[in-house]
Amino acid sequence: MRVSKEQAAANRERIVEEAARLFRERGFDGIGVAELMNSAGLTHGGFYGHFDSKDQLMAEACEHAIGITGKRWRKLLAGDDGPSMDALASRYLSPRHRDHPGDGCVLAALAGEAPRQSAPVRGAFTRSVRRFIDLLDGALPGRRAALRRRKAVAATAAMVGGLILARAVDDDTLSREILDAVAAELPGTSKPRS
């Protein structure tokens, strides 16, 4: 059965959205094409009508995920008094974000797998890292661009790394301690969390 161009575009978008969620939940190798397509409500056979390879979908899913979470982060940073790292740190370094990787940051969910992926996937991941750094760079105080950029890189590494470690440990107290410690030490935050 032939589908319209509009329906084909909607199907492709649904596949990318579902892939972005499932890859963040299970990892790139944690879900196959057949299961992914089934989760999107489509048949396995239609996959190659939309994508040349799973790698192409993985790259697009990374770009999609960082776009969605980037919108959320920009809203958090756009406080009434200007950019606020407190709001972003509070949401990013939270037990809720830790416990729901499928709806969270693609960087923390897939950083451990990205080095072993193809060039297109690593390129998409690299662009995602740059977008997060640029977002933080715009939110941090300071007039010296090079210093602000260095702080943004450090904050990105701390936030992503802290979330990865908080997810990795099997001790909830330690996990929360990691999240709180990273949030308290981030540049641009006003007060330590307890």
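Named according to an unreviewed UniProt entry, the protein chain is TetR/AcrR family transcriptional regulator originating from Alloalcanivorax gelatiniphagus.

On a plain count of helices and strands, the protein chain comes out with ten helices and two strands. What you see in the protein chain, going N to C, is helices and strands ordered as α-α-α-α-β-β-α-α-α-α-α-α. Principal-axis analysis of the C-alpha atoms gives the protein chain an extent of 60 × 40 × 30 Å. Burial analysis of the protein chain (194 residues in total) assigns 41% to the buried set. For the protein chain, the accessible surface area stands at approximately 10,600 Å², while carbon and sulfur atoms represent 51% of it. Put simply, the protein chain has 30 plus and 25 minus side-chain charges, and the middle of one group is 6 Å from the middle of the other.

Let us look at the packing of helix H5 (residues 85–92) against helix H8 (residues 119–139). Closest axis-to-axis distance for the H5/H8 pair is 10 Å, and the angle between their directions is 140 degrees. With respect to their mutual orientation, H5 and H8 come out oblique. From H5, Met85, Leu88 and Tyr92 reach across to H8, where they touch Phe132, Leu136 and Ala139. Of the residues contributing to the contact of H5 with H8, the split by class is six nonpolar, no polar and no charged.

UniProt's entry tags residues 9–69 with the feature "domain: HTH tetR-type" (unreviewed entry), counted in the numbering of this structure. Spanning residues 9–69, this segment combines 74% helix with 0% strand, and its end C-alpha atoms are found 22 Å apart.

What follows covers the UniProt feature "transmembrane region" (unreviewed entry) in the protein chain. UniProt records the feature "transmembrane region" (unreviewed entry) at residues 152–169, using the numbering of this structure. In this annotation, residues 152–169 is assigned 94% helix and 0% strand; the end-to-end C-alpha distance for the span is 26 Å.

Our focus in this paragraph is the packing of aromatic side chains. Tallying each qualifying case throughout the model produces six aromatic pairs. Measuring from centroid to centroid gives 4.8 Å for phenylalanine 47 and tyrosine 48, while their planes differ by 85 degrees, and the two rings are edge-to-face. Residues tryptophan 73 and phenylalanine 132 carry aromatic rings whose centres are separated by 4.3 Å and whose planes lie at 25 degrees to one another, so their mutual orientation is stacked. You can see tryptophan 73 sitting in helix H4 (residues 54–77) and its partner phenylalanine 132 sitting in helix H8, a full 59 residues away along the chain. In this pair, the class of tryptophan 73 matches that of phenylalanine 132, namely buried. Taken together, the aromatic side chains of Phe47, Tyr48 and Phe51 make up a single cluster linked through ring pairs.

Considering the arrangement of structural elements, one finds serine 94 in the loop between H5 and helix H6 (95–99). Judged by its relative accessible area of 11%, serine 94 falls in the buried class. A distance of 3.1 Å separates a polar atom in the side chain of serine 94 from the backbone nitrogen of histidine 97.

Empty space within the largest pocket amounts to approximately 250 Å³. Of all the elements in the fold, those that place two or more residues in the lining of the largest pocket are H4, H5 and H6. Tallied by class, residues from the lining of the largest pocket come to four nonpolar, five polar and four charged. Taken as a whole, the second largest pocket holds about 170 Å³ of empty space. Every residue along the wall of the second largest pocket is listed here: Val3, Ala8, Asn11, Met37, Leu42, Thr43, Gly46, Gly49 and His50.

Calculation notes
- In this convention, every chain numbers its residues from 1, walking through the sequence in written order.
- Two thresholds apply to this predicted model, a pLDDT of at least 70 for residue-level local features and 80 or more for giving and counting side-chain atom pairs, whereas whole-chain, interface and lining totals are computed over all residues.
- Only hydrogens and water are set aside when side-chain values are computed; all heavy atoms of the structure are taken into account.
- Numbering of helices and strands runs from the N terminus, with a helix taken as a DSSP run of H or I at least four residues long and a strand as a DSSP run of E at least two residues long.
- In this scheme, a residue with accessible area under 20% of its type's maximum is buried, one over 50% is exposed, and one in between is partly exposed, where area comes from a 1.4 Å probe on protein chains only.
- To measure how exposed things are, a 1.4 Å probe is used in the Shrake-Rupley method; for residues, cover is taken only from the protein chains shown.
- In this tally, Lys and Arg are treated as positive and Asp and Glu as negative; His is ignored, and so are the chain termini.
- We put the charge of a Lys on NZ, of an Arg on CZ, of an Asp on CG and of a Glu on CD.
- Axes here refer to lines fitted to C-alpha atoms; in helices the fit is confined to the stretch in contact. Angles between the N-to-C directions go from 0 to 180 degrees.
- Comment on the angle field: the value is read as roughly parallel under 35 degrees, roughly antiparallel over 145, roughly perpendicular from 65 to 115, and oblique elsewhere.
- Any pair of residues with heavy atoms lying within 4.5 Å of one another is described as a contacting pair.
- All residues other than Ala, Val, Leu, Ile, Met, Phe, Trp, Tyr, Cys, Pro, Asp, Glu, Lys and Arg, Gly among them, are scored as polar; the first ten of these are nonpolar and the last four charged.
- UniProt positions are given in the numbering used here, feature names are shortened, and annotations may be inferred rather than shown by experiment.
- Two aromatic rings, drawn from Phe, Tyr or Trp (for Trp, its six-membered ring), form a pair once their centres lie within 6.5 Å of each other, and the interplanar angle then sorts them: stacked below 30 degrees, edge-to-face above 60, tilted otherwise.
- We define a polar contact as two N or O atoms separated by no more than 3.5 Å, with the added condition that, inside protein, one atom must be a possible hydrogen donor and the other a possible acceptor, whereas residues neighbouring each other in sequence contribute only through side-chain atom pairs.
- Using a 1 Å grid laid over the protein atoms alone, points where a 1.4 Å probe fits but cannot get out form a cavity; open sets with protein on both sides within 12 Å along at least 5 of 7 lines form a pocket; any residue with an atom within 4 Å of a point counts as lining.
- Grid points are joined across faces, edges and corners, and a volume is the space filled by probe spheres set on the points.

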